Amino acid sequence: MKRSKTVGKVLDYGFTYGILLIVSFLFVFPCLWLILASFSKSGSIYSFNGFFPTEYSLDTFVKLFTDTQMYDFPKWFLNSLVVGIFSSLFGTILVILTAYVISFFQFKSRKAMMKLTLVLGMFPSFMGMSAVYILMTQFQMINSIWGLVLIYAAGAPMGYLVQKGFFDTIPFSIYEAARIDGASNAHIFRTLILPISKPMIVYTALTSFTWPWSDFILPKLLLKEKSNYTVAVGLMTLGETEFARFAAGSIFIAVPIVIFYFILQKNLVSGLTSGASKE
């Protein structure tokens, strides 16, 4: 019996790790292929020998930042950085304030508002693109990266549910005790709530940065001049013979997100798990 249990355990572990290795390969292989493609000497995907380039070179990365006459990648990168940082800043403030109000205050139509935002969140965002374009036309914010910042920040509070779940775990007695001592709502929020909300603020800031950083549909709709393109839109304008440059640019898109995730991983996981539970 012991021998059969040992064999069964070995088979179970072998099957489990085999599946994990297959799944890991399916995820890692496209990333590896993209990295190797970025070092292609010819730059064209048609010169590949099967999946991989025939010759490798660093010239693609040099051209990515120096050959800016037709494809100004540094400018696109800077535009994406501006949009991502300011969208994250304003969006985080609005989301945290929205979640705090919904969690700690009772007011008329509160539950109806929560239900409405939940239903609206079920619809894909591109359904409102026509309305967004018309509004931006009226505000004369077409071809403006600040128009993108405005839209991303204004739409961020719709995703307040995770943050609300986090605030729901904070004992309401803390708020009541501070009110009895004469503290204002603003003082309570600034001195009591924010210091213990660091994990959730980090999580909100990172997710608010990720969406504008990699989004393609909205920038493509609103940005008309190449000098105002974000990285996602700019890379899609590259020709078929510039695939290596496209791959190199795609790698640089991923680098900031990967760095932020590794640096803030502890707070990110803590904020997500805290916001997913309720006492």
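Rules used throughout
Residues numbered from 1 in each chain as written. Predicted model: local features only at pLDDT ≥ 70, side-chain atom pairs only at ≥ 80, totals over all residues. Heavy atoms only, no water. Helix = DSSP H or I, 4+ residues; strand = E, 2+ residues; numbered from the N terminus. Buried < 20%, exposed > 50% of the residue type's maximum accessible area, 1.4 Å probe, protein only. Contact = heavy atoms within 4.5 Å. Areas by Shrake-Rupley, 256 points an atom, 1.4 Å probe, with all protein chains shown as cover. Core = buried A, V, L, I, M, F, W, Y, C linked by side-chain atoms within 4.5 Å. Phe/Tyr/Trp six-rings, centres within 6.5 Å; stacked < 30°, edge-to-face > 60°.

## Description of the overall build of the chain
Thought 1: The secondary structure content of the chain amounts to 14 helices and 0 strands.
Thought 2: Scanning the chain from its N terminus toward the C terminus, one meets helices and strands in the order α-α-α-α-α-α-α-α-α-α-α-α-α-α.
Thought 3: Put simply, the chain has 279 residues, and 35% of those count as buried.
Thought 4: Long-range pairs, those at least 24 residues apart, make up 74% of the contacts in the chain with a sequence separation of at least 6.
Thought 5: Accessible area of the chain: about 16,900 Å², with a carbon and sulfur share of 70%.

## Observations regarding the nonpolar core
Thought 1: Ranked by size, the top nonpolar core spans 27 residues in total, and within it Leu148 and Leu218 carry the most contacts.
Thought 2: Those elements giving two or more residues to this core turn out to be α2 (59–66), α3 (73–104), α5 (129–138), α6 (145–155), α10 (198–214), α11 (217–222), α12 (231–235) and α13 (243–263).
Thought 3: Considering every element that reaches this core, the biggest residue donor is α6, with 5 residues.
Thought 4: In this view, Leu148 contacts Val83, Ser87, Leu218, Pro219, Leu222, Leu223 and Thr230; residues no more than four positions away in its chain are not counted.
Thought 5: Counting residues in each nonpolar core, the second largest holds 20 residues, with Ala99, Phe104, Met114 and Met200 among its members.

## Some words on unusual backbone geometry
Thought 1: Positive phi values are uncommon outside glycine, yet Gln140 reaches one of about 55°.
Thought 2: Relative to the assigned elements, Gln140 resides in the loop between α5 and α6.
Thought 3: Phi angles above zero are rare outside glycine, and Asn143 is one such case at about 65°.
Thought 4: Mapped onto the elements of the fold, Asn143 is located in the loop between α5 and α6.
Thought 5: Judged by relative accessible area, Asn143 falls into the buried class, the value being 18%.

## What about the packing of aromatic side chains?
Thought 1: One pass over the full model with this rule turns up 21 aromatic pairs.
Thought 2: With a centroid separation of 5.6 Å and 45° between ring planes, the pair formed by Trp33 and Phe243 is classed as tilted. Here Trp33 is found in helix α1 (residues 2–37), whereas its partner Phe243 is found in helix α13, with 210 residues between them in sequence.
Thought 3: Taking relative accessible area as the criterion, Phe243 reaches 16% and is therefore assigned buried.
Thought 4: Taking 6.1 Å as the distance between ring centres and 40° as the angle between the ring planes, the aromatic pair formed by Phe86 and Phe90 counts as tilted. Placement of the pair is Phe86 and Phe90 together in helix α3, with a separation of 4 residues, close to one helical turn.
Thought 5: Residue classification places Phe86 among the partly exposed residues on the basis of a relative accessible area of 30%.
Thought 6: Through a chain of ring-to-ring contacts, the aromatic side chains of Phe39, Phe61, Phe65, Phe73, Phe77, Phe209, Trp213 and Phe252 assemble into a single cluster.

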